[in-house]
Amino acid sequence: MRLRQLYLPSVLYAMVAGWLMWHGLQALEHDGTLGATIASGRNELVGPAFVGLVLVVVVCEQLWPAERRSALARGHVQDACFFVLYAALVVPLVTVIGVGIAALLVGHASWIVIDQTAAWPRWVLVIVTLIAMDACNWLAHSSEHRFRPLWRMHAIHHTQEELTVLTSFRAHPLVHTAGFILATVPVIMMTADHPMAPMLITVYLCLGTVPHANVPWSFGLFGRIIVSPAYHRLHHAMEGPQNVNLGIVLTVWDVLAHRAVFPALGAPACRTGLAGRPIVVEQEGLRHRPVSVLLAQFIEPFTVVKPSPVAATGSADASRLHTSPT
Ligand SMILES: [Zn+2]
Ligand SMILES: [Zn+2]
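Here the structure is a predicted model, which means the values were calculated and not measured.

Backbone geometry places asparagine 245, a non-glycine residue, at a positive phi of 55 degrees. Checked against the element boundaries, asparagine 245 lands in the loop between α9 (229-235) and α10 (252-256). Taking relative accessible area as the criterion, asparagine 245 reaches 0% and is therefore assigned buried. Notably, arginine 277 is not glycine yet its phi reads approximately 45 degrees, a positive angle. Mapped onto the elements, arginine 277 comes out in the loop between α10 and α11 (290-299).

Following this line, the structure appears as structure tokens:
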């Protein structure tokens, strides 16, 4: 690949992630806790409770699907590959990057630590921190839809045409960097001296994973506050705006930003994916080659995309890669 074919913002993004990882590795090697930290990261992010929940939801998808399809549909198999990659590679990567961000913040911006939180009741501290983390994740997600360099990384997540709970893991390995940078800030601010129980991170992760499930659940009245599968599905809709329903766990940020679209009761499941398939997807072609699709999707954000004739004419179907979704 020639230099002018490289999309430089993505290269820069990868360099920042590498730099944060290097900082994280240095801090962990200095403390001699590299192995233990990665093991506890695995326990928090892909432990037995979390994997068990994912498996239960996979069964629910077959029993009460929003869109009926085979358990071995291409989209399911592809997202299962993403899940394996997540457990094997992404979890250690984001754990080390998280340590790197925390080390930099504590080392160079220790003034952000709010000492007064030490006097707060434990449960208040936990709730406030989780809400602040969710706000930061909303901000990161909103930025991924607003700014083209971030959208190039996030777009892979939106290519899924057969949404499943495993779509939560369908993401570029580097995409977690921006979210982690933002989400680490409130954790350092509030709980620098008394870390949160890993169980709470797992609970938060579960709440953020279920909304991708291929089930029609809208959670009734709770769905006005908590992101439900029916609510998040509208964010993945192939037709219509994608800068709505950006919430990860709470809908309140979308409501405040006038970006909340609540699902209509009994409405049929909308189609999901990116119109015009600007990125390779597993649904095209006669044979499914999961590894080729995976590699093509990982390389794609690093390549310059030439505007297609369709995009140049300003058609409504123009590739969302050029403009970021609206
Ligand atoms: Zn999105
Ligand atoms: Zn999603």
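As enumerated under the stated definition, the model contains seven salt bridges in all. Salt-bridge contacts for glutamate 282 lead to arginine 170; the nearest nitrogen and oxygen are separated by 2.9 Å. With a gap of 112 residues between them, glutamate 282 in the loop between α10 and α11 and arginine 170 in the loop between α6 (148-154) and α7 (176-191) connect regions that are remote in the sequence. The same class applies to glutamate 282 and to arginine 170, which are both buried. Salt bridges linked by common partners bring Glu67, Arg69 and Arg233 together as one network.

Looking now at the coordination of the zinc ion (ligand 2). Protein coordination at the zinc ion (ligand 2) comes from His157 (NE2), His212 (NE2), His232 (NE2) and His236 (NE2), with a distance range of 2.1 Å. Because the angles between the four donor atoms bound to the zinc ion (ligand 2) fall within 88 to 170 degrees, the donor set is best described as irregular. Mapped onto the sequence, the residues coordinating the zinc ion (ligand 2) show the spacing H-x54-H-x19-H-x3-H. The metal-metal distance between the zinc ion (ligand 2) and the zinc ion (ligand 1) comes to 5.5 Å.

Looking at the second largest pocket, its volume works out to about 300 Å³. Lining of the second largest pocket is provided by 16 residues; of these, Ala230, Pro263, Ala264, Ala267 and Pro268 occupy positions nearest its centre. Each residue belonging to the lining of the second largest pocket can be placed in one class, and the counts come to 13 nonpolar, two polar and one charged.

Now for the confidence of the model for the protein chain. When the pLDDT values of the protein chain are averaged, the result is 86; 90% of them are 70 or greater. For the stretch residues 309-326, pLDDT sits under 50, and the model shows 39 contacts to residues farther than four places along the chain or on other chains.

Right, let's get into the packing of aromatic side chains. Summed over the entire model, instances satisfying the criterion amount to five aromatic pairs. Between tyrosine 231 and phenylalanine 262 the ring centres are 5.3 Å apart and the planes differ by 45 degrees, which places this aromatic pair in the tilted class. One end of the pair, tyrosine 231, is in helix α9; the other, phenylalanine 262, is in the loop between α10 and α11, and 31 residues separate them in sequence. Here the aromatic residues Phe50, Phe83, Tyr86 and Phe169 are joined through ring pairs into a cluster of three or more. Its guanidinium or amino end placed over the ring of tyrosine 7, arginine 152 lies 4.7 Å from that ring's centre, counting from NZ or CZ. Across from the ring centre of phenylalanine 262, 3.9 Å away, lies the NZ or CZ of arginine 224, which sits over that ring.

With a relative accessible area of 0%, arginine 170 lands in the buried category. Reaching out from arginine 170, the side chain makes a polar contact with the backbone oxygen of isoleucine 156 at a distance of 3.4 Å. The residues contacting arginine 170, other than those within four sequence positions of it, are Gln78, Asp79, Phe82, Ile156, His157, Thr159, Gln160, Glu282 and Gln297.

Cut-offs applied
Residues numbered from 1 in each chain as written. Chains lettered and ligands numbered in written order. Predicted model: local features only at pLDDT ≥ 70, side-chain atom pairs only at ≥ 80, totals over all residues. Heavy atoms only, no water. Helix = DSSP H or I, 4+ residues; strand = E, 2+ residues; numbered from the N terminus. Buried < 20%, exposed > 50% of the residue type's maximum accessible area, 1.4 Å probe, protein only. Salt bridge = Lys/Arg side-chain N within 4 Å of Asp/Glu carboxyl O. Donors = N, O, S within 2.8 Å, 3.2 Å for Na, K, Ca; no water. Tetrahedral: all angles 85-135°; square planar, octahedral: opposite > 155°, others 65-115°. 1 Å grid on protein atoms, 1.4 Å probe; cavity = no way out; pocket = protein on both sides within 12 Å on 5 of 7 lines; lining within 4 Å. Points joined across faces, edges and corners; volume = space filled by probe spheres on them. Nonpolar A, V, L, I, M, F, W, Y, C, P; charged D, E, K, R; others polar. pLDDT = per-residue confidence, 0-100. Contact = heavy atoms within 4.5 Å. Phe/Tyr/Trp six-rings, centres within 6.5 Å; stacked < 30°, edge-to-face > 60°. Lys NZ or Arg CZ within 6 Å of the ring centre and 35° of its normal. Polar contact = N/O pair within 3.5 Å; in protein donor to acceptor, adjacent residues only side chain to side chain.

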